[in-house]
Structure formats: structure tokens, C-alpha cells
Amino acid sequence: MKTRYLILEDGTVFKGNAFGSEAGTIGEVIFTTAMTGYQESISDPSNCGQILMFTYPMVGNYGINPDDFEAITIGLSGVVIRELAEQPSNFRSTGTLSEFLNAKNIPGIEGIDTRKLTRIIRMHGSLKGRLTNADEEVNVEQVVKELQATEIPRNVVEQVSITRPYPSPGRGKRVVLVDFGMKHGILRELNKRDCDVIVVPYNTSATEILGMFPDGVMLSNGPGDPTDIPEAIEMVKGIIGKVPIFGVCLGHQLISLACGATSFKLKFGHRGGNHPVKDLRTGKTELTSQNHGYAIDADSVAKTDLEITHIALNDGTVEGVRHTKFPVFCVQFHPEGSSGPEDSKHLFDEFIELMNAKEQKGEFTCLNVKI
């Protein structure tokens, strides 16, 4: 293998082996504690513009297959692992991880001390980093200066969202699914419940959404800071009280901001498949899949019409809220799993129940008319 360096903005340098694309890249270096599901993590649009490190020591051992992608377009900037499995063994495998990343022009580095890199990120927070070109001779001081002067792009939702609506037909409830960087697992769960889904771009207006006469609106996951898409916050304000709403991850943050709460950036985010979350409504704890770098300020929720329904047991941050007046609820974690625990899939059933309850009351408020 050719040599590649990972250089961090604090001056730390890791020397390893290049795999995937030979081209270099710059991005925010983050880590995930997931032990399986590397294909789903790499194809998750929420990782757009980031260099993803896996804390699990061996990655690539079951190859790549056509069934486990969470998106068609890969927005990830780079991959960092301890050991690359060059000869995968799995009956579904159609290629290696390195071959896939090379085809998508995504660079990777292996053979570095990922435990040390994890400690650095946990201590200092997520850092900007550069993966050099394969066998590139680098001036570390110059690269560090460039990294410190680099601004991380803030239009990441625009990069991963669709540009035109498309249907995913069913004969059940009509759901408008707003794509902020949607994982396909969300669409699969709605399809399993026979929902008649219309997927729309992130910048679709409230008027356009309500004009589709939905029984409910689902707000998907997505990358970045929720305050970078104010048009989406205004859209949510325009549909609250008119139709049942369910939000996941970025969708949760947008609902919270639309109701008057505030968000903040976590030191190193929540990313992995083993995050315990307590449901305050039932007292039960569920293991969840998570992938986010921002969270909602718990104190700010108290000043809104929202109430906290879920909290993270690792750090006490807000993991779910619901509206006290309207049929609106959301969670910070991923109830669809993909990959990860499936403890929380019942939340999709709760969304269906909300839409059923709305219909049974004879309330159709999409056009501000109650029949």
C-alpha cells in the first residue's frame, strides 16, 4: 500500500496506509463506536463533509453489497480505520471496501492508532483534518495553517437532499417525507406500514406541503447545524397545528427550534449503535442508533410548548420531545436502526396512530378548513 497522512488542525500527524481513492480530502474528523454496519455508516448522508473514523479495530471484513446502502450518493469525505480487511468473507459481498471507496473517489487511511485519535477528539472535540494524497510529500506546518484557515461548508443539507419530489406509492396514510439527507431506512419503515409517501426536497414550503393533502409529515435526518437552514424552520412553523408531524435527528432539532428552543454543538457528537436512551413516558430504556453533532438545550425547552420525552443516559442530553397542544413529536436518535438496534421502531406505529386519531376526529386542516 502507498503511504498517506492524516493531519489535524492542532498539528497532530498520523502516518498510515492509503486505500480507496488516491486523492486527498479535508473534513471534520469524527468517530463512531458502531461495531457493525460500516456500509450503512459510510452511506449515511448525515456524514456529509466529514472524515469518519471507526473505533472498532477491523473494518471491511464482510465487504460491500448492494442491499445495505442508506443513500445512493455518498457525501462522506474520508474514512479512517485501524485495520483493513482486504479479503472479505460473506456470501452477499460483491466487492471490497477499498474498491467501493475508490469508485466513489473517497480516500481512506488504515494502520493508524485509532485509540489515540479517539482520545484526542474526546479531549479537544471534533477537529478539522486532512487526508493527504497517496504518497504525497507534505509540509505539515503549511497544512496546519491551511486547516486552521479552512471554513467547514455549511450548505451540507443542500448537497445531500433531492432536488425534485418523487412518490413511493402505498394505499395507507399519505405522508410527505421531507428529505434533509434521508436514510433509506426511514422510507422502508413507512413503506412497511403501506404509507403513500411523497418525498420532497428540504426547501419545500409549508404551502406546497399542505397542498399535497398529507395525513402526516415526516422530517428526516440530515447533516450539519439546524440553524443553517432557516427556511426549513419556517416551513415547520407553517405546518405545526395543521397536520401530525414526526421528526428524526435533524428533523427533531428543526421542530424544537421552530417551537422556540435552541440548539448547541456537542463536543464530539453521538455516533454509534449502542446509545442508551430513557423514555420518560414509560420509564423504559432503549438502545439506539445515533449520528449527530448538535443537540437541543434542555433549559430552552421549558420556555416552549414542548415537553421532554426522552433523555440520553450517557450525558443527560435531550433525545426526544413532543408538543403539548398539537400532534407533533420527534426524537434525536434513529428509530429505523439501519444499522443498529431496532428497539424504537414502535415510534413509526405511534406516528400512524397519531394520523388515525386525527382522521377519527374528522379534522382535516391542511387548507385551514375543519370538516
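Look a little higher up for the structure.
What you see as residue numbers is a count from 1 along each chain, following the sequence as written. Totals for whole chains, interfaces and linings use all residues, but because this is a predicted model, local features are given only for residues with pLDDT of at least 70 and pairs of side-chain atoms are given and counted only at 80 or more. To obtain the side-chain values, all non-hydrogen atoms of the structure were used and water was disregarded.

Novice: What is the right way to read the nonpolar core from this model?
Specialist: One broad rule of soluble globular proteins: the nonpolar side chains tend to lie buried together. Here the nonpolar core consists of buried residues drawn from Ala, Val, Leu, Ile, Met, Phe, Trp, Tyr and Cys, with membership extended through side-chain atoms lying within 4.5 Å. When accessible area is computed with a 1.4 Å probe and restricted to protein chains, residues below 20% of their type maximum are described as buried, those above 50% as exposed, and intermediate ones as partly exposed. One finds Val-178, Phe-180, Leu-219 and Met-235 to be the most contacted residues of the largest nonpolar core, which totals 36 residues. Strands here are runs of E lasting at least two residues and helices are runs of H or I lasting at least four, both read from the DSSP assignment and numbered beginning at the N terminus. Of all the elements in the fold, those that place two or more residues in this core are β11 (174-179), β12 (196-201), α7 (206-210), β13 (216-219), α8 (230-239), α9 (250-258), β18 (318-323) and β19 (328-331). Counting residues in each nonpolar core, the second largest holds 22 residues, with Val-199, Cys-249, Val-331 and Leu-347 among its members.

Novice: Honestly, the pairing of β11 in this entry has me stumped. Any pointers?
Specialist: On a regular strand, each side chain points to the face opposite its neighbour's, so the side chains alternate between the two faces of the sheet. The element β11 is largely enclosed, with a buried count of 5 among its 6 residues. Strand pairing is assigned whenever DSSP detects at least two bridges linking the two strands. When β11 meets β12, the two strands line up parallel, connected through 6 bridges. Residue Asp-179 lies in a different strand from β12, and its bridge partner there is Pro-201. For the crossover that starts at β11, traverses helix α6 (residues 184-192) and ends in the parallel β12, the hand is right-handed. By the bridge criterion, 4 bridges tie β11 to β13 in an arrangement that is parallel. When the bridges of β13 are listed, Val-175 appears paired with Gly-216. Looking down the strands as they point away from you, a crossover is right-handed if its path from the first strand over the helix to the second goes clockwise.

Novice: Can you walk me through unusual backbone geometry in this structure?
Specialist: Residue Ser-339 is bonded to the preceding Ser-338 through a cis peptide linkage, with omega at -15 degrees. In this structure, Ser-339 sits in the loop between β19 and α11 (346-360). Phi is positive for Asp-194, which is not a glycine, with a value near 60 degrees. Within the secondary structure, Asp-194 sits in the loop between α6 and β12. Its relative accessible area of 37% is what places Asp-194 among the partly exposed residues. At Cys-249, a residue that is not glycine, the phi angle is positive and equals roughly 60 degrees. Assignment of secondary structure puts Cys-249 in the loop between β14 (245-248) and α9. With relative accessibility at 1%, the residue Cys-249 sits in the buried group.

Novice: I keep staring at the side chain of His-310 and nothing clicks. Help me out?
Specialist: By secondary structure assignment, the location of His-310 is in strand β17 (residues 306-312). Each polar contact in these results corresponds to two N or O atoms within 3.5 Å; when the atoms are within protein, one needs to be able to donate a hydrogen and the other to accept it, and residues that are neighboring in sequence are counted only if both atoms are side-chain atoms. Of the polar contacts made by the side chain of His-310, one reaches the side chain of Asp-279; its length is 3.5 Å.

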